Structures are given as C-alpha cells and as structure tokens.
Number of protein chains: 2
Amino acid sequence: MSTDAPRAPTRPAFVLIRPQMAENIGAAARGMWNFGLDRMRLVAPRDGWPNPASVAMASGAGRVLDDAQLFDGTDGAVADCAFVYATTARPRGLTKTVMTPEAAMRDAAARTARGERVAILFGPERAGMENDDIARANVIVSVPVNPEFPSLNLAQCVLLMAYEWRRASAEVPQIREEMAGTERATQTEIAALANHYEDTLDRAGFFFPEAKAPSMKMALRNLWSRMPLTRADAQILHGVLRQMVRWKEKG
Amino acid sequence: MSTDAPRAPTRPAFVLIRPQMAENIGAAARGMWNFGLDRMRLVAPRDGWPNPASVAMASGAGRVLDDAQLFDGTDGAVADCAFVYATTARPRGLTKTVMTPEAAMRDAAARTARGERVAILFGPERAGMENDDIARANVIVSVPVNPEFPSLNLAQCVLLMAYEWRRASAEVPQIREEMAGTERATQTEIAALANHYEDTLDRAGFFFPEAKAPSMKMALRNLWSRMPLTRADAQILHGVLRQMVRWKEKG
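Calculation notes
- Residues numbered from 1 in each chain as written.
- Chains lettered and ligands numbered in written order.
- Predicted model: local features only at pLDDT ≥ 70, side-chain atom pairs only at ≥ 80, totals over all residues.
- Heavy atoms only, no water.
- Helix = DSSP H or I, 4+ residues; strand = E, 2+ residues; numbered from the N terminus.
- Buried < 20%, exposed > 50% of the residue type's maximum accessible area, 1.4 Å probe, protein only.
- Right-handed = clockwise from strand over helix to strand, strands pointing away.
- Pairing = 2+ DSSP bridges.
- Least-squares fit on C-alpha atoms with pLDDT ≥ 70 in both.
- Contact = heavy atoms within 4.5 Å.
- Axes fitted to C-alpha atoms, helices over the stretch in contact; angles between N-to-C directions.
- Expected span 1.5 Å × (residues − 1).
- Arc of directions from axis to C-beta.
- Salt bridge = Lys/Arg side-chain N within 4 Å of Asp/Glu carboxyl O.
- Parallel < 35°, antiparallel > 145°, perpendicular 65-115°, else oblique.
- Left-handed = near helix turned anticlockwise from the far one by under 90°.
- Nonpolar A, V, L, I, M, F, W, Y, C, P; charged D, E, K, R; others polar.

Caption draft 1: Layout of unusual backbone geometry. Residues A:Phe208 and A:Pro209 are joined by a peptide bond in cis, for which omega reads -5°. By the element assignment, A:Pro209 lies in the loop between helix H8 (187-203) and helix H9 (213-226). The linkage connecting B:Trp49 with the following residue, B:Pro50, adopts the cis geometry, with an omega of -5°. Topologically, B:Pro50 is positioned in the loop between strand E2 (40-43) and helix H2 (52-57).

This is how it looks when you write it as structure tokens:
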C-alpha cells in the first residue's frame, strides 16, 4: 500500500563551491539556519572536511554542518536538482536570465511547492564562480549592491539568500501590534478621557480667551482621537490629571 | 537669496548603541556601504573611538567610519530625527507596532522622500537593546528569523536592514535578461532553423516510422519555439547540423 500523504516541499540546497576559509562555511551555516535552511552541500572545500574551524564558527547551527553533504564536483552536487540558481555579481559574457534574490527565491518557493528540487550555488570567496559553473545554472542571481562597493562576502550572500527564502516561503505579517497585556481603548473610553480633560481644564481656566475656547477644545479632542491609545494609556492619562487636581487642592 | 533646489532625500542614520566589539562596528560599516548607506552614529562604543580594529574590519568601507558621529547617549543620537525604528527580537512588555524589515524600510523610504530624518537603532551585541531605548523608538523592527535559532549578530542585522533600505529606495528590475553581445532570434530565424533540422533529419531517416513522422516533426518544431534562443544560439545549432552532414559525407 502506498502512502499518498502530501510531502512537505523540499527546502533548497545551498551549494558552496570550493570554499576557501573553513570559518566561512561555519558562518554560512549560521546564516542558513537563522532562516530555517539546513541542506548544505560542499564541493571540494579547500581545507578538507569535516573541519573543526567550521564547527567553532557555526555555534548553534552545528546541525547544518553535521548534515552537510560533500561532493568532488558541482555536477554531483546538483545532480538531483531540476533548477539551479547561481549567485554571482557578473554573468561574464554568458547570455542568461538575471534575477534579484527576491525574484529568485519566490521562483524557488513556487518550484519546491510543486515538488521540484532546487539548488543555489555560491562561488569561492576570492575568485567568485567560474563560467563553467555559471553555465550549469538555469539562472543567475545578482544582489543589487552599491556599485561603488560591490564586495559581499560568502556568508553575507548566503544570509541574504536565506532571508529571501524565508520571506518567500513563510507567512509573516508585515505590520502587527504588540499589545503588552492591554488592548486598544474603546471610543467610549476615549470620550470619557476627553471629557475628563475638558471639564478639569475648564475649571482650571485653560480655555482662554473665551472666543478661542471652542477651537481649543476641538484641537484637544482631535489630539486624543489621533493617538493610538490603549486602556492602560487611558488609565495613566486619567491618573495624571487626578494627581494634578489633588496637588492643587493641597494648596 | 535662498536656493530652493529640491534636496535629495536624506538617507537613514544607523545608530549603534553601546557596541562592544570594535570589529563589529567595522563589519556594520561594510554592511551599510554594501547598500549605499553612509550615515553611522555611535553611542558610547565600549572600546573607545576611533578604533583601529574597526578600520581594519571595514576594509573598503572606511569612509563610513571616517564620517561616523559619536554620542554619549541615545537621545543625542536621535535628536534631529522625526521617526525612529528600533531593531529588536522582542518588544519585552512594551505596547508597540512591530514591522518586518521590509515594511519598516518602505516606511522609512516614504518618510525620507518627504523630507523627514529617520534613524534605525541597533542594540549592543550580547545584551540587546534596553527598554529605555526601545521606548524612545516609534516602532519596533523584528527580523522574521527561525524561532529555533533566533540569534542574528549585529553586523548581520545591519546588513539585512541596509539591504531592505536599498530594495525600498532603488529601482532594481526583478528579472532581466543579460544578452552577451547577441539578441533574441526572430521568428524568421527560428523558422529557418526548424526547417534546416527538419529537412536534414528527413534526409537522414530520422522521422520513422512514417505514420509517426507528423507528430515527431511537430514535437521538434515545438521544442525550438519553447527555447529562448538567441541569434548566436541559432548559428551554433545550424553549425552543429552542417558539421554532422560534412562528417557523414566524408564517409
């Protein structure tokens, strides 16, 4: 009997091609795991594998390194993938589609959602990716850096791609309200606050001269309604006024 | 005589509050300048200022450090700003609007475009931001990290905010075609290629058995039209076929 349960979409593999510094592999693992990615593939890392310097740098993201797969060449590392993205600053004379990280990771999320396996290639630190590897990729991903300072290091590039993967694949509200144990004040509560201030300030002679009183009152009421007040805020503002009256009455 | 030329929108100030490691200030400068940001403000850096360790780390982004402004407290660092964003993982019991980096930097781009000065606050490495500083900010920015591994370091957080600033403020096409000295083949050129292959393969006995020939020809024509071929690609594919014929004719 076959199990037809739908499988969760496969996360993209991040393929580091001939990385030089072992520390950078650790930093890349951190960047991936920061955004929930854990499929790392390594093509011929210069300083051998496994490497304690990578583990030390990965602190907290060691599981990404534990599960990393090692390959001799790029072809083996992308063999099971239907679509491959190469991160590089310049296409260097190859005709190719160039995507932003955002467009690429949206595309990757759509592909993985329909069951395709995808890989993102990252070249070695100093030299960058060779045309041989770029030609292997379906599209190029280029981070829109400052043209005066286009040098993104390996771990930074991995971090940005992982960040865009999460943006494309996770539902995160753009704006939300953190309500620390309180809730928005109701219109009734705002009106009560407005009345409390208006009445008290009237007694205190605040609305002077009399000709200007209506517009001053209107401005004050408008102020309260413009503020995103919570019930806790309203209680604080009632308290402020009560205390001022108490202080005044002490003489 | 006053000059009424419209001023370019002011870029946001990135305010590092009590940063501990001097190296991290340098790495933050790199992250800012990667995306064209150059207004750094430092509040009481632990190891003093200026600091050679920061300069060494900033390699290439030294101008950001040269222009960095030093302050004793956060209030001074944000004094000229109309709107302040605090980057922090947790609002810690304060009622506050929480934005993603994307929403926050879109908001910042809109504000700076209409002349407001804005600042982004970053807390110290280990401790994170104090509630005192968070309360000073208008909104909180929270990076949607993996809940199992929420540790973003200072330079990573700066990099992501600078990246989102550039996304929000620069017009970068999501997808473009890099055409290395060539252009897309025209329909006439594609048809010529299709004819060349169909005629030659016909002579070579490729379309067999005859009953299947029409559907095989259709499949081949469909293949050419599905490919995003350039003029250079078409020339290569014509050449491939001519060479096979030449080779065959040699016997």
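Caption draft 2: Layout of the pairing of E2(B). All names here are of chain B. Burial along E2 is two-sided: the residues Met40 and Leu42 and Arg41 and Val43 are all buried. In this region the chain leaves strand E1 (residues 13-17), passes through helix H1 (residues 22-34) and returns to the parallel neighbour E2; the handedness of that crossover is right-handed. Sheet analysis places E2 next to strand E3 (residues 69-71), joined by three bridges and oriented parallel. Considered in E3, the bridge of Val43 is made with Phe71.

Caption draft 3: Looking closely at the relation of the copies chain A and chain B. Superposition of chain A onto chain B requires a rotation of 180° combined with a translation of 0.1 Å along the rotation axis, giving an RMSD of 0.1 Å. Seen this way, the second copy is the image of the first under a two-fold rotation axis. Interface overlap between copies is the fraction of interface residues in one copy that are interface residues in the other; for chain A against chain B it reaches 98%, indicating a shared surface.

Caption draft 4: Main features of the sheet that holds strand E8 (residues 175-178) of chain A. What the eight strands build is an open sheet, ordered E8(A)-E5(B)-E7(B)-E4(B)-E6(B)-E1(B)-E2(B)-E3(B); its pairing is mixed. Each having just a single partner strand, E8 of chain A together with E3 of chain B make up the two edges of the open sheet. Between one strand axis and the next, the sheet turns by 30° as a mean value, whatever way the strands run. Sitting on the sheet, H1(B) is in contact with E1 and E2 of chain B, with an inclination near 155° to E2(B).

Caption draft 5: Spotlight on the environment of A:Ala192. By secondary structure assignment, the location of A:Ala192 is in helix H8. With 46 residues separating them in the primary sequence, A:Ala192 and A:His238 have C-alpha atoms 9.3 Å apart.

Caption draft 6: Looking closely at the environment of B:Met32. Locating B:Met32 in the fold gives a position in helix H1. It is 9.1 Å that separates the C-alpha atoms of B:Met32 and B:Ala155, two residues lying 123 residues apart in sequence.

Caption draft 7: The arrangement of helix H10 (residues 231-250) of chain B in detail. Residue and element names in this part refer to chain B. With 20 residues, H10 extends 29 Å from end C-alpha to end C-alpha; this agrees with the ideal 28 Å at 1.5 Å per step. Every buried residue belonging to H10 is among Ala234, His238, Leu241 and Val245, and all of these are buried. Projection of H10 onto a plane perpendicular to its axis shows the buried side chains occupying an angular sector of 65°, all on one side. Turned more than 90 degrees off the buried face of H10, the exposed positions are Gln235, Ile236, Trp247 and Lys250. Of the residues one or two after H10, Gly251 is the one with positive phi, at around 90°.

Caption draft 8: Highlighting the pattern of salt bridges. All told, the structure shown has 44 salt bridges over all chains when counted by the stated rule. The shortest N-O distance in the salt bridge between B:Glu102 and A:Arg167 comes to 2.5 Å. Of this pair, B:Glu102 sits in helix H5 (residues 101-113) while A:Arg167 sits in helix H7 (residues 154-169), on two different chains. Residue class for A:Arg167 comes out partly exposed when judged on its relative accessible area of 22%. A network of salt bridges, in which partner residues are shared, links A:Glu102, A:Arg106, A:Glu164, A:Arg167, B:Glu102, B:Arg106, B:Glu164 and B:Arg167.

Caption draft 9: View of the packing of H8(A) against helix H10 (residues 231-249) of chain A. Residues and elements named next belong to chain A. At a minimum axis separation of 10 Å, H8 and H10 run at an interaxial angle of 15°. One element, H8, and the other, H10, form an angle in the roughly parallel class. Between H8 and H10 the crossing geometry is left-handed. Counting all contacts with H8, which are made through Glu189, Ala192, Leu193, His196, Tyr197 and Thr200, the residues of H10 involved are Arg231, Ala234, Leu237, His238, Val240, Leu241, Arg242 and Val245. Across the contact of H8 with H10, the residue classes tally to eight nonpolar, three polar and three charged.

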